[in-house]
Amino acid sequence: VGDSAAQLANSPIGFLRVNVGTGVGHSILDLIQIVEHTSGRTLPIEWLPERGFDARCSILDPSQLRSAIEWRPRTLEEGIAQMWTALSAPAGAAR
């Protein structure tokens, strides 16, 4: 997300509302498994009943963003790994 925002801010395009995603859907269980694998930790999960407003699926189409700037989405695994590395760095370390 940060990469695309920086590229848009530095482009002559001006204001543009776009989706920043991969076009691939993932479940909450997928996300949990990726975070657990990346962190090497087991997350304490408490499954609660579904609420009426919970989204069953959210898939963002990044085609408009890709046509506006030279940007390609990373996989969810790559994004989680990058975030985990940044959050795991000692306080004050370059990120």
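Refer to the structure above for everything that follows.
Reading the values: rules and limits
- Residues numbered from 1 in each chain as written.
- Predicted model: local features only at pLDDT ≥ 70, side-chain atom pairs only at ≥ 80, totals over all residues.
- Heavy atoms only, no water.
- Patch = residues over 30% accessible without salt bridge, like charges linked within 9 Å, V, L, I, M, F, W, Y side chains within 5 Å.
- Areas by Shrake-Rupley, 256 points an atom, 1.4 Å probe, with all protein chains shown as cover.
- Salt bridge = Lys/Arg side-chain N within 4 Å of Asp/Glu carboxyl O.
- Helix = DSSP H or I, 4+ residues; strand = E, 2+ residues; numbered from the N terminus.
- Buried < 20%, exposed > 50% of the residue type's maximum accessible area, 1.4 Å probe, protein only.
- Core = buried A, V, L, I, M, F, W, Y, C linked by side-chain atoms within 4.5 Å.
- Contact = heavy atoms within 4.5 Å.
- 1 Å grid on protein atoms, 1.4 Å probe; cavity = no way out; pocket = protein on both sides within 12 Å on 5 of 7 lines; lining within 4 Å.
- Points joined across faces, edges and corners; volume = space filled by probe spheres on them.
- Nonpolar A, V, L, I, M, F, W, Y, C, P; charged D, E, K, R; others polar.
- Expected span 1.5 Å × (residues − 1).

## A word on a nonpolar patch on the surface
Thinking step 1. Together, Ile28, Leu29, Leu31, Leu43, Ile45 and Trp47 give the surface a local cluster of nonpolar side chains, amounting to about 560 Å² of exposed area.
Thinking step 2. With respect to the secondary-structure elements, Trp47 resides in the loop between helix H2 (28-39) and helix H3 (63-68).
Thinking step 3. Residue Trp47 is classed as exposed on the basis of its relative accessible area of 59%.

## Quick notes on the nonpolar core
Thinking step 1. Membership of the largest hydrophobic core is limited to 5 residues, which are Leu8, Val18, Leu65, Ile69 and Trp71.
Thinking step 2. Trp71 has contacts with Asp3, Ser4, Gln7, Val20, Gly21, Pro62, Leu65 and Arg66, leaving out every residue within four places of it along the chain.

## Overview of the layout of surface pockets
Thinking step 1. Approximately 1,300 Å³ is the volume found for the largest pocket.
Thinking step 2. Taken together, 38 residues form the lining of the largest pocket, with His26, Ile28, Leu31, Leu76 and Ile80 sitting closest to its centre.
Thinking step 3. Counting residues per element, the ones that place at least two in the lining of the largest pocket are helix H1 (2-9), H2 and helix H4 (76-88).
Thinking step 4. When residues of the lining of the largest pocket are assigned to their parent elements, the largest contribution, 6 residues, is made by H4.
Thinking step 5. Looking at the lining of the largest pocket residue by residue, the classes come out as 19 nonpolar, 11 polar and 8 charged.

## Some details on H2
Thinking step 1. End to end, H2 covers 16 Å across 12 residues, agreeing with the expected 16 Å (1.5 Å per residue, within 8%).
Thinking step 2. The inward-facing, buried residues of H2 contact H4.
Thinking step 3. One or two residues past the end of H2 sits Gly40, with phi positive at roughly 75 degrees.

## A closer look at the pattern of salt bridges
Thinking step 1. The final tally for this structure, using the stated rule, is 2 salt bridges.
Thinking step 2. For Arg56, the salt bridge identified is with Glu50, shortest N-O distance 3.2 Å. In this pair, the class of Arg56 matches that of Glu50, namely exposed.
Thinking step 3. Across the salt bridge formed by Arg51 and Asp54, the nearest N and O atoms sit 2.7 Å from each other.

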